[in-house]
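Survey of secondary and tertiary structure
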Amino acid sequence: MAILVDKKTRVLVQGITGNEGSRAAKEMLSYGTRVLAGVTPSKGGQEIHGVPVYDTVREAKNRHPEINASLIVVPAFAVKDAAIEAISAGIPLINILTELVSPKDCSEIIAWAKIKGARVIGPASVGVISPGKGKIGSIGSADVDKIFTSGPVGVISKSGGMTSEISIILSRAGIGQSTAIGIGGEQLIGSGFSDLLMLFEQDPQTKAVVLFGEVGGGYEEQVAKHIKSKKITKPIVAVIAGKFTNRLPHGTVLGHAGAIVGKGAGSYRSKIRALKSAGVILADVLEDIPEAVKKLI
Amino acid sequence: MKLYEFEGQNLFKKYGIPVPESVLISKTGQKINFDPPYMLKAQVLSGDRKKAGGIMSANSQSSAQKAIAALLKKEVNFEPVKKVLAAKKLNPLAEYYLSFSYDTGSQGPVFAVSPKGGSGIANADVFPIDIIFGLRPFVVREYLAKAGFISDDITKVADIAQKLWQLFLDENLVLSEINPLIKTKKKEFIAADSKIITKTRRRVEHLGGDIAILASGGGASVLSIDALIEAGGDPANYTEYSGNPSAELVMELTKEVLGQKNLKGCWVVGGTANFTDIFETLSGFVRGLRQIKPKPAYPIVIRRDGPRQKEAAEMLRAVAKKEGYNFHVFGSETSIASSARTIVDLSYKNKK
C-alpha cells in the first residue's frame, strides 16, 4: 500500500511538449510509471519520449480511458484552465507543478475540485512518490533511487527541496518511505497536511509521518485540531521553519509565496504551540528526524 | 510584501476608493498645501506605529512642521522614518473595518468586516467568498447587515467594499485592508489608512546582523537562518534565489548582500539542488565578490551541492589561492546546521 500513487497509476502530462513537462515525463517513465498520454493544444499528433500528444484532455481520456492522474506543467497563466479541463474530464488526481499561480486562480481550481470530487496536489508541488511503485512530477529527479526507499514513513512537505532532503536523511538511516509528497509552497493549495494525514490514516504501510512546515497559513494548526478530535492518530514528527521571522515586519513574503510572516495564527509560535499541545514531536534540525522516528515505528 | 501606507493610498485612488487630502513629505521645510488640522503619519512598515509614536496631529502649519521634523529624525520599531504622509485630519462619526484576504481553512478568499474599526480593533466578522459565484453586491449587503452596520450605511460601505474587492483581485494581493474607513459628520466615507500586502517579495530583507547570507531553496533558506541563529550567529539579511539563476543574477545579488555594512562573515548555503547549475551559481558569486571594496577578508563558508558541484569546488579553491579569499567549501556531506556552526565560529573567532 501507499497513498495517491501506486502501480495502478496512469498518468497524463498536460504541457508535455515544454522543457519541464518533457523532462518530468522522461523521469516518470524511467522510474517505471506508466505515462499514457500528453496534452498540448495545437501540438496533437506529436510524440514525446514515445508518449502520444493530444490537443485536448477529452481526446486523451477517450483514447486512454485508464488515465487516472494528470500532471500539470503549463505556464502559470494557463494553469487554471488546464486544471479545470482535467477536473471536467473526470480525472480524480491532479498534481500541479507550476509555480506562481495567482491565489485567485488557486482558489478557483480548488473550488471546482471540491464540486467535482477531484483531489488536487499543489500548485508549486514537486510531485508525489511512492518508492518502488511510481511517481508523479519531477520529485527526486535523477537521483530518485538514492533519495527514496520503500518503508513505513510518510513524508509531507511544503518545500520540494525539503521533501527530498528529509527522505534522503531517512533513507540513510535505513528508514524507508511509504509515500512522499511535496504539497507546494503557495498560500492556497489543493491538499494541506491534514487532508493527506487522513489518507495516511487508512494506509496500513504507514506507521508514522514526517511533516515539514513553515510560517504562513493555518495548515499546521489544522493538523493539531484534527489530532485533538482523533481524526488523525498516527504519530507525527514535524520540523517548522521560520523561528527567526519575528524579526521581520508582518506581511514579509519569504522563499515560498505562502510563507507570509504574520502575527498570531500562522506565526512560528502559533504553529509550535498548537503542534506541541497536540503531542506532535518537534525536531529542531533535520538530522534529529531519524532518531525521533525510530522511537515511533 | 507589505506596501507603505502612501503606496496603498495610491492604489485606493486608482480604484475609486475615497482617501483624505494628503501630501507625501520627505524633507523638512516642505509646506503642506491645504488647510489644517493635520494628521502626520510616519511611513514605516511596522504595524504598531501609533503606539510607537509614529502618528502625530497638528492644528497649524507651524506645529505640523515641528512634528514632521521630529518624525523624520525618529525610528519607529528600529525602522528609520524617511517619509511622512501629511493628511487632512477627519472628524469621525464612526470608524469601520473592511478587508479581503485568503484563508487557508476555507481555501478561498474571505471578507472581514466590523462596524467597530480603528487602531484597537479586536474582532471582525469573517465571511467566506464563493469564488465561482463571485462577490455579488447583494451578498456584501447581507454580510454588512449581519455584521451590525446600520441601514443608512449599508449601500455606501458595500460600494467601497466592491471597489476594494476589485483592487484585491486585479492587483493579485494577499491582503487589502481599510482600517479605519471613516464616516464623517457630513456622512462621507473615507479610507483613512491602507494596509496592502502583495504576493511579491523583496530580493533582500535586512535583519540587522553581521553575517551576510546567500541562501537557496524556498524551505532550506528559511531553515538555514534558523540554524544560524541556533548556532549563535546574527544574520544580516534574508535572501533566496533558487530555480537555476543565471550567473549575472547571482552576481547582482552578491553585490547587494555583501554591500551591507559591518559584516563579519558570509554564508552561501543551500540544500542539494536538483537542476541548479552550482558552477554557474558560484561563478556569479565570485564575480560579485570581486567587485566588493574593500576586498572582504572575513571568512566565507560555502555549503552547496548538486550538478557540477565538484567543478565549482575546484574553481573556488583556485580563486581563493590566487586572489587570497578566505573560502571554506563544503558539499552535502556536511549538514546545513553544522556549516552554520562553522561560519559562526570563524566569524566571531577574534571578536565578541
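Residues numbered from 1 in each chain as written. Chains lettered and ligands numbered in written order. Predicted model: local features only at pLDDT ≥ 70, side-chain atom pairs only at ≥ 80, totals over all residues.

The secondary structure content of chain B amounts to nine helices and 18 strands. The C-alpha extent of chain B, read off along each of the three principal axes, is 75 × 55 × 30 Å. Sorting the 352 residues of chain B into buried and exposed places 46% on the buried side. Sequence separation of 24 or more characterises 70% of the internal contacts of chain B that already satisfy a separation of 6 or more. (Helix = DSSP H or I, 4+ residues; strand = E, 2+ residues; numbered from the N terminus. Buried ≥ 20, exposed ≤ 12 C-beta atoms within 10 Å, placed from the backbone. Contact = placed C-beta atoms within 7 Å.)

Its location among the elements puts G161(A) in helix α6 (residues 160-172). In this structure G161(A) comes out as buried when scored by C-beta crowding, with 26 C-beta atoms within 10 Å. Separated by 21 residues in the primary sequence, G161(A) and G182(A) place their C-alpha atoms 8.6 Å from one another. For G161(A), the residues in contact, after removing those within four places along its chain, are G217(B), G219(B), A220(B) and G271(B).

Our next topic: the domain arrangement of chain B. Interface size, as often reported, equals the accessible area lost upon joining of the parts. Domains assigned within chain B are domain 1 (21-88), domain 2 (92-198) and domain 3 (204-347). Computed from C-alpha coordinates alone, the two centres of domain 1 of chain B and domain 2 of chain B are separated by 27 Å. (Domains from an automatic or database assignment.)

Feature annotation in UniProt places "domain: ATP-grasp fold succinyl-CoA synthetase-type" (unreviewed entry) on residues 2-182 of chain B, given in this structure's numbering. Helix makes up 29% of residues 2-182 of chain B and strand 30%, and the two end C-alpha atoms of the span are 22 Å apart. (UniProt positions renumbered as here; feature names shortened; annotations may be inferred.)

Residue and element names in this part refer to chain B. Where helix α3 (residues 137-146) contacts helix α4 (residues 151-170), the two axes come as close as 9 Å, and the packing angle between them is 120°. Accordingly, the angle class assigned to the pair α3 and α4 is oblique. Where α3 crosses over α4, the handedness of that crossing is right-handed. Residues P137, V140, R141, L144 and A145 of α3 lie in contact with α4, whose contacting residues are I154, V157, A158, A161 and Q162. Among the residues forming the contact of α3 with α4, the class breakdown is eight nonpolar, one polar and one charged. (Axes fitted to C-alpha atoms, helices over the stretch in contact; angles between N-to-C directions. Parallel < 35°, antiparallel > 145°, perpendicular 65-115°, else oblique. Left-handed = near helix turned anticlockwise from the far one by under 90°. Nonpolar A, V, L, I, M, F, W, Y, C, P; charged D, E, K, R; others polar.)

Another aspect to go through is the pairing of strand β3 (residues 55-58) of chain B. All names here are of chain B. Burial along β3 is one-sided: the face carrying M56 and A58 is buried and the face carrying I55 and S57 is not. As paired elements, strand β2 (residues 38-42) and β3 share four bridges and run antiparallel to each other. Residue pairing across strands places M39 opposite S57, the latter belonging to β3. (Pairing = 2+ DSSP bridges.)

Take the UniProt feature "domain: ATP-citrate synthase citrate-binding" (unreviewed entry) in chain B next. Listed under "domain: ATP-citrate synthase citrate-binding" (unreviewed entry) in the UniProt record, and renumbered for this structure, are residues 192-338 of chain B. The span residues 192-338 of chain B is 38% helix and 24% strand, and its two end C-alpha atoms sit 50 Å from each other.

Right, let's get into the UniProt feature "active site" (unreviewed entry) in chain A. In the numbering used here, UniProt assigns the feature "active site" (unreviewed entry) to H256(A). The exposure class of H256(A) is buried, given the 28 C-beta atoms found within 10 Å. Ignoring sequence-local partners within four residues, the contact set of H256(A) consists of K158(A), S159(A), G185(A) and G218(B).

Okay, the UniProt feature "domain: CoA-binding" (unreviewed entry) in chain A next. Feature annotation in UniProt assigns "domain: CoA-binding" (unreviewed entry) to the following positions: residues 4-101 of chain A. Overall, residues 4-101 of chain A shows 33% helix and 26% strand. The separation of its end C-alpha atoms is 23 Å.

So, about the environment of K27(B). All names here are of chain B. With respect to the helices, strands and loops of the structure, K27 is situated in the loop between β1 (22-25) and β2. With 11 C-beta atoms counted inside 10 Å, the residue K27 sits in the exposed group. Between the C-alpha atoms of K27 and V84, which are 57 residues apart in sequence, the distance is 8.7 Å.

Now for helix α4 (residues 103-116) of chain A. Structurally, the α-helix is built with 3.6 residues per turn, so residues lying three or four positions apart point the same way. With 14 residues, α4(A) extends 20 Å between its outermost C-alpha atoms, agreeing within 8% with the 20 Å of an ideal straight helix rising 1.5 Å per residue. Those residues of α4(A) not exposed but buried are P103(A), D105(A), C106(A), S107(A), I109(A), I110(A) and A113(A). Contacts from the buried residues of α4(A) go to α3 (76-88) and β7 (119-121) of chain A together with β7 (92-103), β8 (108-114) and β10 (173-184) of chain B. At the C-terminal side of α4(A), G117(A) shows a positive phi close to 75°. (Expected span 1.5 Å × (residues − 1).)

Below, the discussion takes up the interface of chain B and chain A. Opposite the 43 residues of chain B that make contact, chain A presents 44 residues. Those elements that provide at least two residues to the side of chain B that touches chain A are β8, α5 (218-230) and β16 (265-272) of chain B. A per-element tally of the side of chain B that touches chain A places α5(B) first, with eleven residues. Taken together, the residues of the side of chain B that touches chain A sort by class into 20 nonpolar, 16 polar and seven charged.

Bringing the packing of helix α7 (residues 278-290) of chain B against helix α8 (residues 309-323) of chain B into the picture now. All names here are of chain B. Their axes nearest at 8 Å, the elements α7 and α8 cross at an angle of 25°. On the basis of the axis angle, α7 is roughly parallel to α8. When α7 is examined against α8, the residues I278, F279, L282, S283 and V286 are found in contact with a partner set consisting of Q309, E311, A312, M315, L316 and V319.

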